[in-house]
Amino acid sequence: MVRRAQPERTCVGCRKRAPASELLRVVAVRDEAGRSLRPDPRRRLPGRGANMHPDPACFALAVRRRAFGRALRITEVLDHGVLAEHVDAPTTTSGQPDRARVASRVGRPT
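Residues numbered from 1 in each chain as written. Predicted model: local features only at pLDDT ≥ 70, side-chain atom pairs only at ≥ 80, totals over all residues. Heavy atoms only, no water.

A.B. asks: How should I be thinking about the sheet that holds strand β6 (residues 78-79) in this particular structure?
C.D. replies: Within a sheet, each strand pairs with its neighbour through backbone hydrogen bonds, oriented either parallel or antiparallel. Read from one edge of the open sheet, four strands run β5-β3-β4-β6, paired in mixed fashion. Sheet topology places β5 (49-52) and β6 at the edges, where each strand pairs with a single neighbour. Pairing geometry for strand β3 (residues 24-31) and strand β4 (residues 34-40), over seven bridges, is antiparallel. Each residue of the ladder has a partner; that of V27, found in β4, is R38. (Pairing = 2+ DSSP bridges. Helix = DSSP H or I, 4+ residues; strand = E, 2+ residues; numbered from the N terminus.)

Below is the structure:
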């Protein structure tokens, strides 16, 4: 029996390496309002992708560090409301993660 190495990717939030099967692929999709981040769990959408753990803490870190724009090589402002709903991250009306609620889930002070 031959064992093949699984591809590894780096999470844009926590910067830890993990097998690609454990990470959620995220792509930027152009829509009427500009560009928005969309989850790609089947890894089939076209274009450059970024990977992250499907965890609200990693999502909050990636947004705080503005990692999605760098990973996807996009300078525009990205709407991440759909992605926040997918990872079940609490957001405010502006689409930004609610830091107090995310920090309480992670156990970090705000």
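A.B. asks: How do you make sense of the pattern of salt bridges when you look at a structure like this?
C.D. replies: Opposite charge on two side chains permits pairing when their charged atoms draw close. Within this structure, the stated rule accounts for five salt bridges. Across the pair R17 and E8 runs a salt bridge whose closest N-O atoms are separated by 3.3 Å. Judged by relative accessible area, R17 falls into the exposed class, the value being 53%. The partly exposed category is assigned to E8, whose relative accessible area is 41%. (Salt bridge = Lys/Arg side-chain N within 4 Å of Asp/Glu carboxyl O. Buried < 20%, exposed > 50% of the residue type's maximum accessible area, 1.4 Å probe, protein only.)

A.B. asks: Looking at this structure, how should I read the nonpolar core?
C.D. replies: Side chains of nonpolar character tend, in soluble globular proteins, to be buried together. Grouped together as the largest cluster of nonpolar side chains are 22 residues, with contacts concentrated most on V12, V26, L37, M52, F59, F68 and L83. Where this core is concerned, the elements lending two or more residues are β3, β5, α1 (56-65), α2 (67-72) and α3 (81-86). If you tally residues by element for this core, the top one is α1, at four residues. Filtering out sequence-adjacent residues up to four positions away, L37 remains in contact with V26, V27, A28, F68, L72, L78, D79, H80, V82 and L83. (Core = buried A, V, L, I, M, F, W, Y, C linked by side-chain atoms within 4.5 Å. Contact = heavy atoms within 4.5 Å.)

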